[in-house]
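Below, each chain spelled out in residue letters.
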Amino acid sequence: MNSQDVLKKASTLASYNVLLQVMFRVLTFLLNAFTLRFVSKELIGVVNVRLTLLYSTLVFLSREAFRRACLSGDTGGKHNWRQLVTLLWMTLPLGVIWGVLLACVWLWFLEVPDPQAVPFYGPSVVLFALAGVQELLAEPLWVLAQAHMMVRLKVVAESLAMLAKCSLTVVMVVSAREWGLYIFSTAHLVYTGVLVLCYAGYFLRFLGSEEATKRDFPLGSVGDLLPHKANGEPLVDGSVARLTWSFFKQSFLKQILTEGERYVMTFLNVLSFGEQGVYDVVNNLGSMVARFVFLPIEESFYIFFAKVLQRGRPVQSQRKEDVAMAAEVLECLLKLVLVIGLVIAVFGHAYSALALDIYGGSLLSSGAGPGLLRCYSCYVLLLAVNGVSECFVFAAMSQEEVDKYNVVMLALSASFLLLSYMLTWWAGGVGFILANCLNMALRISHSVLYIHRYFLSSPWKPLRGLLPSPPLCVALAVSAVVTVVSEGVFCCASGWLLRLVHVGVGALCLAFVLLAVLLAERRLVAFVRTQLLPQYGKKHT
C-alpha cells in the first residue's frame, strides 16, 4: 500500500471516527442531562470520577502499549501477524492482574461513600473491573481491524454498544432508581459485552470469505486468532515485544498525565463527591469537541504517520515522497486543530454560563461552573495542538528515543501531580485546569522541538501550521469583543428572548470567522474537503 493509499484510508478512518465520537458525545451529553434530574450529584461523582477511573486505568495499562507497538510501522508485511496476535492476547492476563490489584485498592484503601447516598459501592467496583477485563477479549480483533483499515466495523460495533448502554441506563434510572450504582455498573458491563460480540461476530463471518481473500488478509481461520506457536517461529516477535515494553513503561506516566485530576480527586480527597460530580459534568461538557474531533484525528493519523515514516530513521534516509506527504499532512493537521481550538477559546468565554444553565440548570450555572468551563475552553486549544504533535512524535521516535522520553514524562507526571494538589487547594476545581494547561504547554514544547529537529535539514517546515493567518486573527479578536459585550447586555438573567439574541450574535460572529477561514486558509480548506471529507470532495470534483 503506497503512501497515498495510506493517507486516503487514514483520512476515511478519521472521518468515520469523528462521526462516531459525535454520536457518542451527543448520547452521553443527553444521558448526563437526563440523569442529573433523577440521581444525586454525589452518585454522579462516584460513577464518573472514581469508578470510571478504575475502568480507564485497567484498560489503558493493559492494552495501550500493545496497540502502539503492534500498529507501528508496516505491520502488514514486516511482521508476522500470528506472532502479533499471540502477543496481543497477553493483554487479557495482564488485565486480570490489574483488575484484581485495582479493585483491592478501590475497596480497601480509598474512602467509601456514604451507603445511604451512594448504595452498592463494593459490588459496583467489581463489576467495573470485570467490564474492563471483558473488553480486552476483543483487543486482538480491534488491532487487526485498525491495522487493515476496517473503518466501518468500529463505527457499527461501538454504536450498537453505546445504544445498548444508554437504553439500559435510561430504563433503570426511571424504573429502579433505588439500585444506585448497580444501574451504571450493569450498563457498562453490557456495553463491553456488546462490543466484544460485535467484533467476534464480524471476524467469524469475515475469515475465509471472498472479501478476506480480496483484501489479502494475513489470517485464514478462526484458529489463527488464538495464541499458538507456528513451526519454526518464535512465539512472539522479539522486536515488537521490546517496543511494547518501552511503551508499557511510558503508559504509566501517560495515564497519570491524562487522568491526573481524577487521581488527585480520588486519592487526596481535595473535593467532595458532590463537587467531583459538578467538576466532571463541566469537564465532560468542555471536552466534547476534544473527544469527538481531536482524539479520532490523533488515533487515525498516528496510523498514517507510523506506516508512511520509518521509525527512528532520519529524513535523509527515507523516501522523499513519503516525507513530503507526512510534512504536508502534519502542517495541515496542526492548522486545523489550531483553528478549531481558537474558535472554542473565543466563543467558550461568552457562552459558558448559558450552556451550563441550559444543560443542568442552576446546579451547574451558579457557583464555580461557568468559571470552570471558561478555563476549560482555553485548555482545549492546548489539548488540540498537543494531540496532533504527539501523534507524529510517537510515530517517528526510535525505541531509544521513546525510552528517553519516559524520563521526561516522569518529570512531567511528578510536577503535574504536585501542581494539581497545590492549585486545587488555592483555586478549587479551576486549579486542576490550570495544572493541565501548564503540563500541556510543556508537552507541546517538547514535541515542537522534536519536530523542528526532525525536519531541520529538509525543505519542509510543518510547524508553520501553528501560525494562523492575520485575517483570521482579526476575525477572532473582533468576535471575542462582540460576544463578551453581548453576554453582558443580553445574558443570562433577562429571559429567553434576550438569550436568543445573544445566541444570534454568536452565530453571526461564528459565520464571520468561518468566512475568514474560507478566504485566508485555502490550503486548509482544500485538505479538509479532499481528505477528512472524502465523500464530500468526490461529489464536488
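Throughout this document, residue positions are counted from 1 along each chain, in the order its sequence is written. Local features are withheld for residues below a pLDDT of 70 in this predicted model, meaning they are given only at 70 or higher, and side-chain atom pairs are given and counted only at 80 or more; totals for whole chains, interfaces and linings count all residues. Side-chain metrics in this entry use all non-hydrogen atoms of the structure; hydrogen atoms and water are not considered.

Draft legend 1. Examining the nonpolar core more closely. To qualify as a nonpolar core, a set must consist of buried Ala, Val, Leu, Ile, Met, Phe, Trp, Tyr and Cys residues joined through side-chain atoms within 4.5 Å. Only protein chains enter the accessibility calculation, which uses a 1.4 Å probe; a residue whose area is less than 20% of its type maximum is buried, one above 50% is exposed, and one in between is partly exposed. By size, the foremost hydrophobic cluster in this structure holds 172 residues, and its most contacted members are Y199, F203, F217, F305, F392 and F455. Helix and strand labels come from DSSP, where a helix needs a run of H or I of at least four residues and a strand needs a run of E of at least two; each type is numbered from the N terminus. It is helix α15 (residues 320-360) that provides the largest number of residues to this core, a total of 23 residues.

Draft legend 2. Examining the pattern of salt bridges more closely. When a carboxyl oxygen of Asp or Glu is within 4 Å of a side-chain nitrogen of Lys or Arg, the pair counts as a salt bridge. In the structure shown here, the tally under the stated rule is 15 salt bridges. Between E331 and R464 there is a salt bridge whose closest N-O contact spans 3.7 Å. Placement of the pair is E331 in helix α15 and R464 in the loop between α19 (429-454) and α20 (470-490), with a sequence separation of 133 residues. Linking R443 and E390 is a salt bridge whose minimum nitrogen-to-oxygen distance equals 2.8 Å. Taken together, the residues span a long stretch of sequence, with R443 in helix α19 and E390 in helix α17 (residues 369-396) at a distance of 53 residues. The class for E390 is buried, based on a relative accessible area of 3%.

Draft legend 3. Layout of a nonpolar patch on the surface. Like-charged residues within 9 Å of one another, or nonpolar side chains (Val, Leu, Ile, Met, Phe, Trp, Tyr) within 5 Å, are grouped into patches, provided each residue has over 30% relative accessible area and no salt bridge. Every accessible area reported is derived by Shrake-Rupley at a probe size of 1.4 Å, with residue values counting cover from the shown protein chains alone. A cluster of nonpolar residues, F267, L268, L418, Y421, M422 and W425, forms a patch on the protein surface that exposes about 640 Å² of accessible area. At the level of secondary structure, the elements contributing two or more residues to the nonpolar patch comprise α12 (260-268) and α18 (399-427). Looking at the nonpolar patch element by element, the count peaks at four residues for α18. In this structure, F267 sits in helix α12. A residue is classified by how much of its surface remains accessible, and F267, at 40% relative accessible area, is partly exposed.

Draft legend 4. A look at the state of the cysteines. Throughout, disulfides are identified as pairs of cysteine sulfur atoms within 2.5 Å of each other. Considering all chains together, one arrives at zero disulfides under this definition. Considering cysteine sulfurs only, C378 is the nearest to C375, which forms no disulfide, with 6.8 Å between them. Counting only cysteine sulfurs, C332 is the nearest neighbor of C391, a cysteine outside any disulfide, at a range of 14 Å. On the accessibility criterion, C391 (1% relative accessible area) is buried.

Draft legend 5. A look at the side chain of T86. Mapped onto the fold, T86 is located in helix α4 (residues 81-88). A 3.5 Å cut-off defines polar contacts: any pair of N or O atoms within that distance qualifies, except that in protein one atom must be a possible hydrogen donor and the other a possible acceptor, and neighbouring residues in sequence count only when both atoms are side-chain atoms. At a separation of 3.0 Å, a polar atom in the side chain of T86 contacts the main-chain carbonyl oxygen of R82. Note on contacts: a residue pair is in contact if any heavy atoms of the two residues lie within 4.5 Å. In this view, T86 contacts P227, H228, L235 and V236; residues no more than four positions away in its chain are not counted.

Draft legend 6. Looking closely at unusual backbone geometry. Phi at F120 is positive, roughly 65°, even though this residue is not glycine. Inspection of the secondary structure assignment puts F120 in the loop between α5 (91-108) and α6 (121-135). Given a relative accessible area of 37%, F120 falls into the partly exposed group. Even without glycine at this site, N269 takes up a positive phi of about 55°. With respect to the element layout, N269 can be found in the loop between α12 and α13 (273-286).

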